Amino acid sequence: METTARIRELLEAAFGLEIITAEEQSGLQPALMVTKEALPQVCLFLRDHQETYFDFLSCISAVDDGVTAGTFTVVYHLASIPYNHQLTLKVIVQNDRQLDNLPIVPTVSEVWRTAEWHEREAFDLMGIYFDGHRDLRRILLPDDWEGYPLRKDYKEAEAYHGIAIK
């Protein structure tokens, strides 16, 4: 596999030009932004295509783009162990930041089983809801914890069940 440009060509040939919403060339690794609706199909394609074979999902990260931006970014770090190449995919989700209206992204746990744990962590700490996840519940915090502590507008509680936190 040569470059991110070739991966982009493959994706656009399979899904159409609108599948890639943007491309980032800055940073340590180029990233392709894809539409959230097509995310599971894109991931399955990248896993199974003979030129890409991204057999390993190493990480999913959720990024709070800030209160004024009104978006969250979910970042997927893919690797092909046999071909020794990597790819970063990103999905940007609009959201009003209300705790009763979580940003929603489709799960990729049917593509890579490791996504189950990564998605639970992003749900627990950032409040990203992964639609179709078979067991989406908190993984690090207690079930009755209020809020999502990695959000930029998170208000830290002073106590939990009568125990001072600070």
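Residues numbered from 1 in each chain as written. Predicted model: local features only at pLDDT ≥ 70, side-chain atom pairs only at ≥ 80, totals over all residues. Heavy atoms only, no water.

### Quick look at the overall build of the protein
Working step 1: Scanning the protein for helices and strands turns up three helices and nine strands.
Working step 2: Reading the protein from its N end, one meets helices and strands in the order α-β-β-α-β-β-β-β-α-β-β-β.
Working step 3: Compactness check: the protein gives a C-alpha radius of gyration of 17 Å against a globular reference of 15 Å for 166 residues, within 12% of the reference.
Working step 4: Put simply, the protein has 166 residues, and 43% of those count as buried.
Working step 5: Within the protein, contacts between residues at least 6 apart in sequence are counted, and of these 51% link residues at least 24 apart.
Working step 6: Of the accessible surface of the protein, which amounts to about 9,100 Å², a share of 52% is contributed by carbon and sulfur atoms. (Helix = DSSP H or I, 4+ residues; strand = E, 2+ residues; numbered from the N terminus. Rg over C-alpha atoms; globule rule 2.2 N^0.38 Å. Buried < 20%, exposed > 50% of the residue type's maximum accessible area, 1.4 Å probe, protein only. Contact = heavy atoms within 4.5 Å. Areas by Shrake-Rupley, 256 points an atom, 1.4 Å probe, with all protein chains shown as cover.)

### A few points about the sheet that holds strand β4 (residues 71–80)
To summarise the sheet geometry, strands pair through backbone hydrogen bonds and adopt either a parallel or an antiparallel arrangement.
Working step 1: Ordered in space as β1-β2-β5-β4-β3, the five strands form an open sheet in which the pairing is mixed. In this open sheet, the two strands that pair with only one neighbour each are β1 (20–24) and β3 (56–64). The mean angle between the axes of side-by-side strands here comes to 25°, regardless of whether they run parallel or antiparallel.
Working step 2: Across three bridges, strand β2 (residues 31–34) lies against strand β5 (residues 85–94) in parallel orientation. By the bridge assignment, Ala-31 is partnered in β5 with Thr-88.
Working step 3: Packing of helix α2 (residues 39–48) onto the sheet brings it into contact with β2, β4 and β5, and relative to β5 it is tilted by some 175°.
Working step 4: Each of β3 and β4 touches helix α3 (residues 115–126); the most contacted strand, β3, lies at about 10° to it. (Pairing = 2+ DSSP bridges. Axes fitted to C-alpha atoms, helices over the stretch in contact; angles between N-to-C directions.)

### A word on the environment of Leu-99
Working step 1: Within the secondary structure, Leu-99 sits in the loop between β5 and β6 (104–106).
Working step 2: The exposure class of Leu-99 is exposed, given its relative accessible area of 52%.
Working step 3: Considered as a pair, Leu-99 and Glu-51 are 48 residues apart in the sequence and their alpha carbons are 41 Å apart.
Working step 4: Those residues in contact with Leu-99, other than ones at most four positions away along the chain, are Gly-147, Tyr-148 and Arg-151.

### Looking at the packing of aromatic side chains
Working step 1: Using the criterion set out here, one finds three aromatic pairs in the structure.
Working step 2: On the numbers, 5.3 Å between centres and 35° between planes, the contact of Trp-145 with Tyr-160 is tilted. Of this pair, Trp-145 sits in the loop between β7 (129–131) and β8 (159–160) while Tyr-160 sits in strand β8, placing them 15 residues apart in sequence.
Working step 3: Tyr-160 sits in the partly exposed class, given a relative accessible area of 23%.
Working step 4: Its end group placed over the ring of Trp-117, Arg-120 keeps NZ or CZ at 5.3 Å from the ring centre. (Phe/Tyr/Trp six-rings, centres within 6.5 Å; stacked < 30°, edge-to-face > 60°. Lys NZ or Arg CZ within 6 Å of the ring centre and 35° of its normal.)

### Some details on the side chain of Glu-119
Working step 1: Tracing the backbone through its elements, the reader meets Glu-119 in helix α3.
Working step 2: Within the buried set, Glu-119 has no salt-bridge partner at all; the shortest N-O distance to an opposite charge, 8.6 Å, is to Arg-134.
Working step 3: One polar contact links the side chain of Glu-119 to the main-chain amide nitrogen of Val-108, over a distance of 2.9 Å.
Working step 4: For Glu-119, the residues in contact, after removing those within four places along its chain, are Ile-60, Pro-106, Thr-107, Val-108, Ser-109, Phe-130, His-133 and Leu-136. (Lys, Arg positive; Asp, Glu negative; His and termini not counted. Salt bridge = Lys/Arg side-chain N within 4 Å of Asp/Glu carboxyl O. Polar contact = N/O pair within 3.5 Å; in protein donor to acceptor, adjacent residues only side chain to side chain.)

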